[in-house]
Amino acid sequence: MTRQRREAILQRAVLEAVALTHHFRAIEVDQNPVPGGGYQAMTGHPDLEIIGGKHLKVKEDRTFYVELKTATGRLSPKQIEWHERATDYGASVYVCRSRLEVLKLCFEKNERYGWTIDDGLDNLLRQLL
């Protein structure tokens, strides 16, 4: 299985897992629509933008970016440059290598903002993390 295929499988799993958190939604942002149809890769941009908020109302520092990498994957020079520029402007950018890392990040932000989540999901996340 190719590296791109492994990352695509990871991305799909993360999208499904984040949807279970109730307060976060993940948006795939690694491709740009182009005139006439189709998509063009956005060089350096992280794979996902995750938006969080009580009832999904976006507020300060509740949007963050996640670059997904396999266990051995490395950031490209363009990705490093994008991450540095974004963090210089105050954005939060993370590199995660598993679905659990992304869920842990959402869970930590959930607690930081004092949001409550479904008890069943809360228990599941605590067991997984």
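Here the structure is a predicted model, which means the values were calculated and not measured.

Following the criterion strictly, the structure yields two aromatic pairs and no others. When the centroid spacing of 5.7 Å and the interplanar angle of 90 degrees are considered together, the rings of F64 and Y94 count as edge-to-face. You can see F64 sitting in strand β5 (residues 63–68) and its partner Y94 sitting in strand β6 (residues 92–96), a full 30 residues away along the chain. Considering the side-chain rings of Y65 and W82, the 5.2 Å spacing of their centres and the 75 degrees angle between planes classify their relative orientation as edge-to-face. Here the residue Y65 occupies a position in strand β5, and W82 occupies one in helix α2 (residues 77–88), the gap between them amounting to 17 residues. Residue classification places W82 among the buried positions, given a relative accessible area of 14%.

Before going further, it helps to spend a moment on the sheet that holds β5. Taken together, four strands build an open sheet; the order of strands is β1-β4-β5-β6 and the sheet is mixed. Of all strands in the sheet, those bounded by a partner on one side alone are β1 (24–28) and β6. Along the sheet, successive strands turn relative to each other by an average axial angle of 30 degrees, direction set aside. Here five bridges tie β1 to strand β4 (residues 48–52), and the two strands are oriented antiparallel to one another. The partner of F24 across the bridge, within β4, is G52. This element, helix α1 (residues 3–19), spans β1, β4 and β5 of the sheet and lies at about 150 degrees to β1.

Our focus in this paragraph is the pairing of β4. Along β4, five of the five residues are buried, which leaves the element largely enclosed by surrounding structure. Along β4, one buried face is formed by L48, I50 and G52 and the opposite face, lined by E49 and I51, is buried too. Here β4 pairs with β5 via four bridges, running antiparallel. Paired with I50 across the bridge in β5 is F64.

Cut-off values and rules
Residues numbered from 1 in each chain as written. Predicted model: local features only at pLDDT ≥ 70, side-chain atom pairs only at ≥ 80, totals over all residues. Heavy atoms only, no water. Phe/Tyr/Trp six-rings, centres within 6.5 Å; stacked < 30°, edge-to-face > 60°. Helix = DSSP H or I, 4+ residues; strand = E, 2+ residues; numbered from the N terminus. Buried < 20%, exposed > 50% of the residue type's maximum accessible area, 1.4 Å probe, protein only. Pairing = 2+ DSSP bridges. Axes fitted to C-alpha atoms, helices over the stretch in contact; angles between N-to-C directions. Contact = heavy atoms within 4.5 Å.

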